[in-house]
Amino acid sequence: MLPSPGYAEQRDFSMTIEEVSINVAPTLTAKVFAFNGQVPGPLIHVREGDDVTIHVTNNTTLPHTIHWHGVNQIGSWKSDGVPGITQKPIEPGDTFTYHWIADRPGTLWYHCHVNVWEHVAIRGMWGPLIVDPKNPTPLEKKVTRQVIMMMSTWQSAYADRYGKGGNPTDVTDYFSVNGRSFPLTQPIRVKEGDVLRIRMIGAGDEIHEMHLHGHDQLITHKDGYAQNNPNFVDTVPVGPGERYDAIVKMNNPGRFIFHDHVDSHINMGGMVGGPITVIEYEGIPMEDWYVWKDHAYDPDFYYTESLAKGYGLFNNPNLMGTAVEQTRRSR
């Protein structure tokens, strides 16, 4: 699954920030600030040492920045994306160019750093940044399939109003993986013998205890760093900003749920929802009562196909939202 080794290259990308709405759950539609109009944002996939330039245009009615979470910004601190400290916010209609070296390999991510309690916690302003190492570990070389899971939070009271929410007393009452709550999520489809790498990212405001049935998760990386002594677990606590990589051998054919074990996180107004997916093995028949039988399938919901394409910036049309009519707001 890892692209062929080569020399560091220059990567030049462009992104926009848009005001759109997405269906988080069957009972929740939320207005978001979306990178390239989608939540999560597009996958940015580069290699350790690459020279990366990203032009960001703000098409919303409020200011934003992008922080490249995990990039150490050696010699490029002005691209760290913190308003009032490393840059002025990107005002509506303006473009800002970030330039940095991919100095740290691993599972990283990017997110807004303006009003993070709203823009990140409940407005979907985040996306995955994967930096392949120059020298992958022996365990990494065994991987045949990858998924990215970004856990996040939502507040239904403010879902229809920009500029509100995210205060300590506000109620977080919806939870998701890749911006959707079960059953609007997707299964993870595998074949017996696959070696699956699960890249988990805490993009919201809660700790998510991610529990996989029927398999052990070998935790190989924490916050992008390869662990000297990988350990087996069946439940991973993924907190805000944290990343865990698990490698799992697909050696138990069947259907197995993979879910947040904080029980209140899977209660969507009395319905089962939240950060839930299912490992589906090839060849296992789907009974008529199975929740996802005959549902449309997006093989790139967890960026599996995009990760296999090599390096670049990859959008997913199925994660796109619906444009919101803009009303100018005071800053």
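Residues numbered from 1 in each chain as written. Predicted model: local features only at pLDDT ≥ 70, side-chain atom pairs only at ≥ 80, totals over all residues. Heavy atoms only, no water.

(A) Region of the structure containing the overall build of the protein chain. Scanning the protein chain from terminus to terminus reveals three helices and 23 strands. In terms of C-alpha radius of gyration, the protein chain reaches 19 Å, essentially the compact-globule figure of 20 Å for 331 residues. Principal axes of the C-alpha set define a box for the protein chain whose edges measure 55 × 50 × 30 Å. Evaluated residue by residue, the protein chain yields a buried proportion of 55% over its 331 residues. Counting only contacts in the protein chain whose residues sit at least 6 apart along the sequence, the fraction spanning at least 24 positions is 77%. Of the side-chain charges in the protein chain, 27 are positive and 38 negative, and the distance between the mean point of each set is 4 Å. (Helix = DSSP H or I, 4+ residues; strand = E, 2+ residues; numbered from the N terminus. Rg over C-alpha atoms; globule rule 2.2 N^0.38 Å. Buried < 20%, exposed > 50% of the residue type's maximum accessible area, 1.4 Å probe, protein only. Contact = heavy atoms within 4.5 Å. Lys, Arg positive; Asp, Glu negative; His and termini not counted. Charge placed at Lys NZ, Arg CZ, Asp CG, Glu CD.)

(B) Structural context of the sheet that holds strand S14 (residues 217-222). Here six strands make up an open sheet; going across it, the order is S10-S9-S12-S17-S14-S15 and the pairing mixed. Strands with a single pairing partner mark the edges of an open sheet, and in this sheet they are strand S10 (174-177) and strand S15 (225-233). Sheet twist, expressed as the mean angle between neighbouring strand axes with direction ignored, is 25 degrees. Taken together, the seven bridges between strand S9 (residues 145-154) and strand S12 (residues 195-202) define a ladder with parallel strand orientation. Directly across from Met 150, in S12, lies its bridge partner Ile 201. (Pairing = 2+ DSSP bridges. Axes fitted to C-alpha atoms, helices over the stretch in contact; angles between N-to-C directions.)

(C) Expanded view of the packing of aromatic side chains. A complete count under the given rule lists eight aromatic pairs for this structure. Both rings, one in Phe 33 and one in Tyr 162, keep their centres 4.5 Å apart while their planes meet at 20 degrees; by these two values the pair is stacked. On the criterion of sequence distance, the pair formed by Phe 33 in strand S2 (residues 28-35) and Tyr 162 in the loop between S9 and S10 is long-range, its members being 129 residues apart. Ring geometry for Trp 68 and Tyr 98: centres 5.5 Å apart, planes at 75 degrees, overall edge-to-face. One end of the pair, Trp 68, is in strand S5 (residues 67-69); the other, Tyr 98, is in strand S6 (residues 95-101), with 30 residues separating them in the sequence. We note that Trp 68, like Tyr 98, is buried. An aromatic cluster is present here, built from Phe 35, Trp 68, Phe 96, Tyr 98, Trp 100 and Tyr 110 joined pairwise through their rings. Lying over the aromatic face of Tyr 297, Arg 189 brings its terminal NZ or CZ to 3.9 Å of the ring centre. (Phe/Tyr/Trp six-rings, centres within 6.5 Å; stacked < 30°, edge-to-face > 60°. Lys NZ or Arg CZ within 6 Å of the ring centre and 35° of its normal.)

(D) The arrangement of the nonpolar core in detail. One finds Trp 68, Leu 129, Met 149 and Met 200 to be the most contacted residues of the largest nonpolar core, which totals 78 residues. Among the elements that make up this core, the one with the highest residue count is strand S1 (residues 10-25) (seven residues). Leaving out residues up to four positions away in the same chain, Met 149 has contacts with Val 177, Asn 178, Ile 188, Ile 198, Arg 199, Met 200, Ile 201, Met 210, Phe 258, Thr 277 and Tyr 302. (Core = buried A, V, L, I, M, F, W, Y, C linked by side-chain atoms within 4.5 Å.)

(E) Summary view of the sheet that holds strand S7 (residues 106-111). One open sheet holds the five strands; their spatial order is S5-S7-S8-S3-S22, and the pairing between them is mixed. At either end of the open sheet lies a strand with only one pairing partner, and these are S5 and strand S22 (312-314). For this sheet, the mean angle separating the axes of adjacent strands, direction not counted, is 20 degrees.

(F) Broad picture of the pairing of S2. Most of S2 sits inside the fold, with six of its eight residues counted as buried. Relative to S2, S1 runs antiparallel, the two being bridged by eight bridges. In the sheet register, Ile 22 faces S2, and the bridge partner there is Ala 30. Taking the residues that link successive antiparallel strands as the turn, the S1-S2 hairpin has two residues.

(G) Structural view of the pattern of salt bridges. Evaluated as defined, the whole model comprises 12 salt bridges. With a shortest N-O distance of 2.7 Å, Arg 197 and Asp 245 are connected by a salt bridge. Of this pair, Arg 197 sits in strand S12 while Asp 245 sits in strand S17 (residues 243-249), and the two are 48 residues apart along the sequence. Comparing Arg 197 with Asp 245, the two get one shared label, buried. Here Glu 287 ties to Arg 255 by a salt bridge, and the two come within 2.7 Å at their closest N and O atoms. Pair noted here: Glu 287 is in the loop between strand S21 (276-281) and helix H3 (304-307) and Arg 255 is in strand S18 (residues 255-260), with a separation of 32 residues, a long-range link. Glu 287 gets classed as partly exposed once you look at its relative accessible area, which sits at 32%. Take Arg 255: its relative accessible area is 23%, and that puts it in the partly exposed class. Residues joined in a network through salt bridges with shared partners are Glu 140, Arg 197, Arg 199 and Asp 245. (Salt bridge = Lys/Arg side-chain N within 4 Å of Asp/Glu carboxyl O.)

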